[in-house]
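Below, each chain spelled out in residue letters.
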Amino acid sequence: MLLGAGGAVATKTYVDDIFSTYVYTGNGSARSINNGIDLSGEGGMVWIKKRNSATGGNSHIADTARGITKYLTSNENYAELTDANRTSATTSQGFSLGTVTTVNNNNDTYASWTFRKAPGFCDVVTYTGTGNSPNSDSHLDINHSLGSVPGMVIVKRTSGSSDWFVWHRDLATNNAKAILLNTSAAAVSHSGYWNGTAPTASQFTVGEFLNGSGSTYVAYVFAGGESTAATARSVDFDGANNGDALSVADFPNF
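Residues numbered from 1 in each chain as written. Predicted model: local features only at pLDDT ≥ 70, side-chain atom pairs only at ≥ 80, totals over all residues. Heavy atoms only, no water.

Visitor: I'm lost on the overall build of the protein in this one. Help?
Guide: Assigned secondary structure in the protein consists of 4 helices and 19 strands. Split into buried and exposed, the 254 residues of the protein put 39% on the buried side. Within the protein, counting contacts between residues at least 6 apart in sequence, those at least 24 apart form 59% of the total. When the accessible area of the protein is evaluated, it comes to approximately 13100 Å², of which 48% is carbon and sulfur surface. (Helix = DSSP H or I, 4+ residues; strand = E, 2+ residues; numbered from the N terminus. Buried < 20%, exposed > 50% of the residue type's maximum accessible area, 1.4 Å probe, protein only. Contact = heavy atoms within 4.5 Å. Areas by Shrake-Rupley, 256 points an atom, 1.4 Å probe, with all protein chains shown as cover.)

Visitor: Hey, could you run me through a nonpolar patch on the surface in this one?
Guide: Taken together, the side chains of F237, L246 and V248 define a hydrophobic patch exposed on the protein surface, amounting to about 320 Å² of accessible area. Mapped onto the fold, L246 is located in the segment after β19 (216–223). (Patch = residues over 30% accessible without salt bridge, like charges linked within 9 Å, V, L, I, M, F, W, Y side chains within 5 Å. Salt bridge = Lys/Arg side-chain N within 4 Å of Asp/Glu carboxyl O.)

Visitor: What's the story with the pairing of strand β12 (residues 122–128) in this structure? I'm lost.
Guide: Two faces, one strand: in a regular strand the side chains alternate between the faces of the sheet. Across the 7 residues of β12, 5 count as buried, placing the element largely inside the fold. Here 7 bridges tie β12 to β19, and the two strands are oriented antiparallel to one another. In the strand pairing of β19, T126 is matched with V218. (Pairing = 2+ DSSP bridges.)

Visitor: Which parts of the structure should I look at to understand the pattern of salt bridges?
Guide: Between side chains of opposite charge, a pair can form as their charged atoms come close. Under the criterion given, the structure shown has 5 salt bridges. Measuring nitrogen to oxygen at the nearest pair gives 3.0 Å for the salt bridge that ties D108 to K50. Placement of the pair is D108 in the loop between α3 (101–104) and β11 (109–116) and K50 in strand β5 (residues 44–50), with a sequence separation of 58 residues. You can call D108 buried: its relative accessible area is 11%. Take K50: its relative accessible area is 5%, and that puts it in the buried class. R86 is the salt-bridge partner of D83, the closest N and O atoms lying 3.4 Å from each other.

Visitor: For this particular structure, what's the right way to read the side chain of S215?
Guide: Following the sequence through the fold, S215 ends up in the loop between β18 (203–206) and β19. In this structure S215 touches Y127, T128, G129, R157 and S159, once residues within four positions along its chain are discounted.

Visitor: Explain the side chain of T205 to me, please; I cannot follow it from the model alone.
Guide: Looking at the element boundaries, T205 is found in strand β18. Only 2.7 Å separates the side chain of T205 from the side chain of D141, close enough to count as a polar contact. Each residue touching T205, except ones within four places of it in the same chain, is listed here: H139, L140, D141, Y193, W194, N195 and T197. (Polar contact = N/O pair within 3.5 Å; in protein donor to acceptor, adjacent residues only side chain to side chain.)

Visitor: Help me understand the packing of aromatic side chains in this model?
Guide: Two descriptors summarise a pair of aromatic rings, namely the distance from one centre to the other and the angle between the planes of the rings. Summed over the entire model, instances satisfying the criterion amount to 9 aromatic pairs. An aromatic cluster of three or more residues is present, and its members are F19, F115, F121 and F222. Stacked on the ring of Y71, the Lys or Arg R86 has its end atom at 4.1 Å from the ring centre. (Phe/Tyr/Trp six-rings, centres within 6.5 Å; stacked < 30°, edge-to-face > 60°. Lys NZ or Arg CZ within 6 Å of the ring centre and 35° of its normal.)

Here you go:
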């Protein structure tokens with residue numbers, strides 16, 4: 001606990017409060033995965049993948065913004081589906097599973113990654129497209145709650161089949177490139193993805209390809225960009241200057 005101004009008590013957030021890598025062996029019965037992440041109170045996303053077999057091994061992504069029983073498959077372009085026998089509920093300590101083989105087949109092994117919504121870490125945003133026909137000049141600014149510039153944004157249309165589009169800060173030349181998560185293709189460039197607009201600490205922008213009129217979308221927004229906050233405590237050695245260095249004064253404890 002931290003003592004704030006006026007004697008108020010603030011709680012310091014640690015990585016294991018907001019992120020978990022949890023491996024487990026399926027048992028074919030409804031069960032809870034207790035990884036210490038408060039999904040029911042704070043919200044977030046769960047990503048599950050079978051480890052020991054390709055059979056029934058599609059990835060499974062669910063989140064609290066859409067409802068935890070709705071899922072997407074990152075290696076396919078499928079629309080959102082609903083199945084309460086996969087991720088069936090959220091808890092204050094993680095999430096619950098049903099018996100579908102993709103997430104809980106008896107004796108199969110699985111890896112799960114749980115991301116809790118938290119400023120400076122991760123946000124889950126849903127939106128409805130407002131654009132017109134493809135190749136129109138329509139774009140949409142979408143609010144997020146990171147409070148810092150994103151390092152990566154993943155967008156998927158949920159109301160129909162479509163690729164997974166990934167913006168990453170290391171591909172941000174002219175903010176026109178995207179990686180398609182469900183393919184093995186190299187990064188592709190088009191102004192219709194991000195409208196040539198860099199994300200900010202409160203918004204990211206999508207172009208007409210990710211703004212179909214009436215279509216619904218989910219975006220997974222991860223921190224990792226530059227922060228101008230007075231409380232920021234990180235540095236970035238980007239190799240752009242030979243003089244990049246961190247100087248620390250002499251101190252006996254070192």
